[in-house]
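In case you want the letters, here they are:
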Amino acid sequence: MSGRQKAAIIVRLLLSEGGDIPLRGLPDHLQAALTEQIGSMRSVDRATLRAVVEEFISLLDSVGLSFPGGIDGALQMLDGHISATAASRLRRLAGASAKADPWDRIAALDPEKLMLVLTEESVEVGAVMLSKLAVSRAAELLGKLPGDRARRIAYAVSRTSNIDPETVRQIGLSLVSQLEAQPIRAFETGPHERVGAILNLSPAATRDDVLEGLTAADSDFAAQVRRSIFTFADIPARVEARDIAKVIRGVDQATLVTALAGAAAPDAAAAAEFILANMSQRMAASLREEMAERGPIRDKDAEAAMTMMIVAIRSLETSGALALRVVDDADT
């Protein structure tokens, strides 16, 4: 008995038992071959059925490790472990493969890229794409379009009933080629976020001077940078009161005392009081005593200590131990 016949027996048995078999995940030619094999078979005696099932179970038991199958599955498994350049190249190769379904790749793209198709391509292409996406996602994208464009694409869907599968696949391959051809971003974050992160750890004088220069050169970009900056004075607005205990555990006491005692500016002093107010009264009293005993603190030392606290907060945020509140322009 051939392997194809054994596969047909297993599929028939599982279907008769009400099993849900994801045959759609197989390449089209394998689905067709399996269907033809099932159609050509008539009956199988119990002894043969038992032998095929036992062989199938033995095969499953002997499997020590399984792989996703295909470049798309491998890319999903390796997401975050290979470079964006390599991933993009492999996706293009997968899209050009005769066995790959380009619509699987398109369905996984960001909504922003899919909106480009709906707004810039013909309504016929947009209609095909909406028809291939999950209903919930298609509805979400359609709702973002201007009324006239949405109506034209919705009407175009009515003219897709006679499109053959190969034409739909070629449309998908063309879209994948266009969307994957977009330049790969060398940086994961935007320019304003990168500048903001640098200024976070820069001396206050440098930060103010750079922001002043940015405002003169490009006020919009400067405003974005300001929103990305997180300094010691921003702690009350960005850090939840309940997370202060986590913050102070990540900073040694000498640094904490220096930062709190050196917070002379009004906004920095307010941040210091916020920190002291959200710890145990006993610890706050002990810190206040140490702050009083420290005497004058050089601005340079105070700023360095505050920066270390910001670094500790950012580390907690990166690890997921806390989430910073997002402050809208209206709140600032």
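Residues numbered from 1 in each chain as written. Predicted model: local features only at pLDDT ≥ 70, side-chain atom pairs only at ≥ 80, totals over all residues. Heavy atoms only, no water.

Participant: What is the right way to read the overall build of the protein from this model?
Facilitator: Helix and strand counts for the protein come out as 20 helices and zero strands. For a compact globule of 332 residues, the expected C-alpha radius of gyration is about 20 Å, and the protein comes in at 31 Å, more than 25% above that figure. Going through the 332 residues of the protein one by one, you find that 31% of them count as buried. Residue pairs at least 24 apart in sequence account for 74% of intrachain contacts in the protein once pairs closer than 6 positions are excluded. Of the roughly 20900 Å² of accessible surface on the protein, a fraction of 55% belongs to carbon and sulfur atoms. Here the protein carries 37 positive and 45 negative side-chain charges, and the mean point of each set is 6 Å from the other. (Helix = DSSP H or I, 4+ residues; strand = E, 2+ residues; numbered from the N terminus. Rg over C-alpha atoms; globule rule 2.2 N^0.38 Å. Buried < 20%, exposed > 50% of the residue type's maximum accessible area, 1.4 Å probe, protein only. Contact = heavy atoms within 4.5 Å. Areas by Shrake-Rupley, 256 points an atom, 1.4 Å probe, with all protein chains shown as cover. Lys, Arg positive; Asp, Glu negative; His and termini not counted. Charge placed at Lys NZ, Arg CZ, Asp CG, Glu CD.)

Participant: Sorry if this is basic, but what is going on with the side chain of Arg238 here?
Facilitator: By secondary structure assignment, the location of Arg238 is in helix α15 (residues 235–238). The side chain of Arg238 sits in the buried core without any salt bridge; Glu317 is the nearest counter-charge, 5.5 Å away. A polar contact of 2.4 Å, which involves the side chain of Arg238, links it to the backbone oxygen of Arg325. (Salt bridge = Lys/Arg side-chain N within 4 Å of Asp/Glu carboxyl O. Polar contact = N/O pair within 3.5 Å; in protein donor to acceptor, adjacent residues only side chain to side chain.)

Participant: Looking at this structure, how should I read helix α2 (residues 28–40)?
Facilitator: For an α-helix, 3.6 residues make a turn, and residues three or four places apart therefore share a direction. With 13 residues, α2 extends 18 Å from end C-alpha to end C-alpha; this agrees with the ideal 18 Å at 1.5 Å per step. In this fold, the buried residues of α2 make contact with α1 (3–16). (Expected span 1.5 Å × (residues − 1).)

Participant: Mind showing me how you'd approach the nonpolar core here?
Facilitator: Nonpolar side chains in soluble globular proteins generally cluster together in the buried interior. Residues Phe232, Ile235, Leu260, Ile275, Met309 and Ile313 are the most contacted members of the largest nonpolar core, which totals 34 residues. Mapped by element, the contributors of at least two residues to this core are α16 (244–249), α17 (253–261), α18 (266–277), α19 (281–294) and α20 (299–319). Top element by residues in this core is α20. It accounts for eight residues. For Met309, the contacting residues outside a window of four places in its chain are Phe232, Val247, Val251, Leu256, Ala259 and Ile275. Grouped together as the second largest cluster of nonpolar side chains are 25 residues, Ile106, Val125, Ala127 and Ala138 included. (Core = buried A, V, L, I, M, F, W, Y, C linked by side-chain atoms within 4.5 Å.)

Participant: What am I meant to see in the pattern of salt bridges here?
Facilitator: Opposite charge on two side chains lets them pair, provided their charged atoms get close. A complete count under the given rule lists ten salt bridges for this structure. With a closest N to O distance of 3.1 Å, Arg298 and Asp301 form a salt bridge. According to the relative accessible area criterion, Arg298 is exposed, its value standing at 56%. A salt bridge links Glu317 to Arg314; its shortest N-O distance comes to 3.0 Å. One end of the pair, Glu317, and the other, Arg314, are both in helix α20, three residues apart, so they sit about a helical turn from each other.

Participant: Please clarify how a nonpolar patch on the surface should be interpreted in this entry.
Facilitator: A surface patch of nonpolar side chains, amounting to about 530 Å² of accessible area, comprises Leu65, Phe67, Met77, Leu78 and Ile82. Along the polypeptide, Met77 turns up in helix α4 (residues 70–77). Judged by relative accessible area, Met77 falls into the partly exposed class, the value being 47%. (Patch = residues over 30% accessible without salt bridge, like charges linked within 9 Å, V, L, I, M, F, W, Y side chains within 5 Å.)

Participant: Any chance you could explain the environment of Lys246 here in plain terms?
Facilitator: Among the secondary structure elements, Lys246 is positioned in helix α16. Classification of Lys246 as partly exposed rests on a relative accessible area of 30%. When the C-alpha positions of Lys246 and Ile313 are compared, they lie 8.7 Å apart, and in sequence the two are 67 residues distant. Here Lys246 is in contact with Leu316 and Ala321, once residues within four sequence places are set aside. A distance of 2.8 Å separates a polar atom in the side chain of Lys246 from the backbone oxygen of Ala321.

Participant: Which parts of the structure should I look at to understand helix α13 (residues 204–217)?
Facilitator: In this model α13 runs 20 Å from its N-terminal to its C-terminal C-alpha over 14 residues, within 8% of the 20 Å that 1.5 Å per residue would give. If you check which residues of α13 are buried, you get Arg207, Leu211 and Leu214. With its buried residues spanning 65° around the axis, α13 presents them on a single face. Exposed positions of α13 whose direction lies more than 90 degrees from the buried face are Ala205, Asp209, Glu212, Ala216 and Ala217. Where α13 is buried, its residues meet α12 (191–200) and α14 (219–228). (Arc of directions from axis to C-beta.)

Participant: Help me understand the environment of Pro111, please; the structure alone is not making it clear to me.
Facilitator: Turning to its location among the elements, Pro111 is positioned in helix α7 (residues 111–120). For the pair formed by Pro111 and Glu36, sequence separation is 75 residues and the distance between their alpha carbons is 39 Å. When neighbours within four sequence positions are excluded, Pro111 is seen to be in contact with Arg137, Leu141 and Lys144.

Participant: Is there a simple way to think about the environment of Arg149 in this case?
Facilitator: Looking at the secondary structure, you find Arg149 in helix α10 (residues 147–157). Excluding its chain neighbours within four sequence positions, the residues that come into contact with Arg149 are Val117, Leu118, Thr119, Glu120, Glu121, Ser122 and Val123. Here the side chain of Arg149 touches Leu118 through a polar contact of 2.7 Å, landing on its backbone oxygen.

Purely spatial values, then, with no claim about function.
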